[in-house]
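Structural features, examined
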Amino acid sequence: MEAQLTRVLPRLSQFRRHFHRNPELSGEEYSTTEYLSKQLTAARIPHRVAAGKRGVITEIVEPADPGAPAVAMRADIDALPIQEENDVPYRSKKPGVMHACGHDVHSAILLGTTLALYRARPSPVAWKSIFQPCEESGRGACEMVREGALEGVDAIIALHVDPNLPVGKVAITPGPRTAFCQDFAIEIIGQGGHGARPHTTVDPIATAANLITLLYQAIPRQTDARQPVVITVGAMKAGHTSNVIPETALLQGTIRTLNAAVATHARDTVERLCASVAQAFNARISTLFDRLLPGMANDPQIATLSADVAGRLLGPENVLRNEPPSMGAEDFADYLQAIPGCMIGLGAKADDRKITPLHTATFDIDETALLIGTRLLTALVFEWPKSPDNRETDN
Ligand SMILES: [Zn+2]
Ligand SMILES: [Zn+2]
């Protein structure tokens, strides 16, 4: 294994910089897919291009022991609509599109891992790699599940870079890690008119302003204080000029919770408040909710196993085990609805450089994280216990 890693490690930065220079938005991951497929073909690794040429799934590589479980590794490959502000040689060549969530890093690590593991086969467990599109839109994971990515797979692991965690450290915590996420759109239909005579109109902007204030007050106030809930209206669109009351207003927002029951309660509350405000302001209000993306919970057994492997590789002091969950969302959750798995937070913060958060125009990583991520994934496949994970899945 070490010999194969030595061959692949120098190429990781080249892979990552290729992805970084050529980012593609969710739903448009065609050339990233082509690049991945070309690299796998060159190494004669059996794979198929999936999801309408926007993703790649490698065939299961058989283990030394035919009874051993099969582990999938997943990388997300899409980028974000952000104009990069980093002045680096590998800066994005595409105006307004940037790998600002580290998916270039995840893709490079999984590509390197796939090349090294394939050359070092057979390994103690069966394995496959999933290069998934559309993580940022929350739709890619269920698309890959529908495409059969999990067929014959017993467990799944993934990495996500963490710009708050120094490079050399990882965070592996059992249980809930990300929030249930429900995006919504609210349309307020009023009646337009002259700004000087609001009494002759039904003002959708005044209605929206009251509705937002009420949502922000009522949702936390009507939820058990021991249960986290966040509601954010991130977009409000209405009107064109100073003295005209428009016909309609559109609000778009998101609800985050750590529990399905709280998510349902928050959604019901939004609907009830919309109905009351509509009546109070004599407007019509319609609500549209996206699919509820489930929260992601790491399987305790796989988290422990991963933490042990990471501890041997990096030193136990570099494995954080009890990080609080994030109110962010992650569609890796959709795989974990079907099989147990674990997402590992990969430290990517450089000592000597200021790195800004995920989804910002100056996000970047210390590329040492590429080596650590690849070593960690290959070690997980080689040190996965022979059988305990063949148990019945219970989630
Ligand atoms: Zn992201
Ligand atoms: Zn991400």
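Residues numbered from 1 in each chain as written. Chains lettered and ligands numbered in written order. Predicted model: local features only at pLDDT ≥ 70, side-chain atom pairs only at ≥ 80, totals over all residues.

The next point concerns the overall build of the chain. The helix and strand tally for the chain stands at ten helices and 16 strands. On C-alpha atoms alone, the chain measures out to a radius of gyration of 23 Å, which is about the 21 Å that the 2.2 N^0.38 rule sets for 395 residues. Seen through its principal axes, the chain has C-alpha atoms that stretch 80 × 45 × 40 Å. Looking at the 395 residues of the chain, the share that counts as buried comes to 46%. In the chain, the share of contacts with a sequence separation of at least 24, taken over all contacts with a separation of at least 6, comes to 79%. (Helix = DSSP H or I, 4+ residues; strand = E, 2+ residues; numbered from the N terminus. Rg over C-alpha atoms; globule rule 2.2 N^0.38 Å. Buried ≥ 20, exposed ≤ 12 C-beta atoms within 10 Å, placed from the backbone. Contact = placed C-beta atoms within 7 Å.)

Here the focus is the sheet that holds strand E16 (residues 341-349). The mixed open sheet is built from eight strands, whose spatial order is E1-E2-E4-E3-E5-E16-E6-E15. The open sheet has two free edges, formed respectively by strand E1 (47-50) and strand E15 (319-320), since each of these has just one partner strand. The sheet contact formed by strand E3 (residues 70-76) and strand E5 (residues 155-166) spans four bridges and is parallel. Looking across to E5, one finds that Arg 74 is bridged to Ala 158. Across the sheet, helix H3 (residues 30-42) lies against E1, strand E2 (55-58) and strand E4 (126-132), angled at about 25 degrees from E2, the strand it touches most. Taken strand by strand, helix H10 (residues 368-383) contacts E3, E4, E5, strand E6 (170-171) and E16, and its axis lies near 155 degrees from that of E16. (Pairing = 2+ DSSP bridges. Axes fitted to C-alpha atoms, helices over the stretch in contact; angles between N-to-C directions.)

Structurally, Asp 65 can be placed in the loop between E2 and E3. Along the chain, Asp 65 and Ala 126 lie 61 residues apart, while their C-alpha atoms are 8.7 Å from each other.

Formed by 103 residues in total, the largest nonpolar core has its most connected members in Val 71, Trp 127, Ile 172 and Ala 369. The dominant element in this core, judged by the number of residues it contributes, is helix H4 (residues 103-119), at eight residues. When residues are assigned to domains, this core turns out to be shared by domain 1 (2-176 + 295-390) and domain 2 (180-289), each giving three or more. Those residues in contact with Trp 127 that lie beyond four places of it in its chain are Val 61, Ala 70, Val 71, Met 73, Leu 117 and Val 381. Counting seven residues, the second-largest nonpolar core is a separate cluster that includes Ala 79, Val 97, Cys 101 and Phe 363. (Core = buried A, V, L, I, M, F, W, Y, C linked by C-beta atoms within 7 Å. Domains from an automatic or database assignment.)

To continue, consider unusual backbone geometry. Note: most residues except glycine have negative phi, and most peptide bonds are trans. The omega torsion of the bond from Arg 121 to Pro 122 falls at 0 degrees, within 30 degrees of zero and hence cis. Its location among the elements puts Pro 122 in the loop between H4 and E4. Non-glycine residue Ala 51 carries a positive phi angle of around 50 degrees. On the secondary structure map, Ala 51 appears in the loop between E1 and E2. For Ala 51, a count of 22 C-beta atoms within 10 Å corresponds to the buried category.

Here we come to helix H2 (residues 12-21). In an α-helix there are 3.6 residues to a turn, and that puts residues three or four apart on one side. Buried within H2 we find Leu 12, Phe 15, Arg 16, Phe 19 and His 20. Buried residues along H2 cover an arc of 130 degrees about the axis, so they all sit on one side. Where H2 is buried, its residues contact H3, H4 and H10. (Arc of directions from axis to C-beta.)

Attention shifts here to the pairing of E16. Most of E16 is tucked away: eight of the nine residues are buried. In terms of strand pairing, E5 meets E16 through eight bridges, oriented parallel. Within E16, the residue paired with Pro 166 across the bridge is Lys 349. One ladder, built from two bridges, connects E6 with E16; its direction is antiparallel. Following the sheet pairing, Val 170 is matched in E16 by Leu 346.

What follows concerns the packing of H4 against H10. Packed helices, taken two at a time, are described by the angle their axes make and the gap between the axes. Where H4 meets H10, the closest approach of the two axes is 9 Å, and the angle between their N-to-C directions is 45 degrees. Relative to H10, H4 is oriented oblique. Viewed along their axes, H4 and H10 form a crossing whose handedness is right-handed. Every residue of H10 that contacts H4 at Val 105, Ala 108, Ile 109, Gly 112, Thr 113, Ala 116 and Leu 117 is listed here: Ala 369, Leu 370, Gly 373, Thr 374, Leu 377, Thr 378 and Val 381. Taken together, the residues that form the contact of H4 with H10 break down as nine nonpolar, five polar and no charged. (Parallel < 35°, antiparallel > 145°, perpendicular 65-115°, else oblique. Left-handed = near helix turned anticlockwise from the far one by under 90°. Nonpolar A, V, L, I, M, F, W, Y, C, P; charged D, E, K, R; others polar.)

Their axes nearest at 10 Å, the elements helix H8 (residues 300-314) and H10 cross at an angle of 120 degrees. One element, H8, and the other, H10, form an angle in the oblique class. For the pair H8 and H10, the sense of crossing is right-handed. Of H10, the residues touching H8 (which contributes Ser 306, Val 309, Ala 310 and Leu 313) are Arg 375, Leu 376, Ala 379, Leu 380 and Glu 383.

For H4, spanning 17 residues, the distance from its first C-alpha to its last is 24 Å, which sits close to the expected 24 Å at 1.5 Å a residue. Of all the 17 residues making up H4, 15 are buried; the element is thus mostly covered by neighbouring parts of the structure. (Expected span 1.5 Å × (residues − 1).)

Segmentation of the chain into domains returns domain 1 (2-176 + 295-390) and domain 2 (180-289). Taking only C-alpha atoms, the centre of domain 1 and the centre of domain 2 are 38 Å apart. On the domain 2 side, the residues contacting the six residues of domain 1 number six residues. Looking at the side of domain 1 that touches domain 2 residue by residue, the classes come out as four nonpolar, two polar and no charged.

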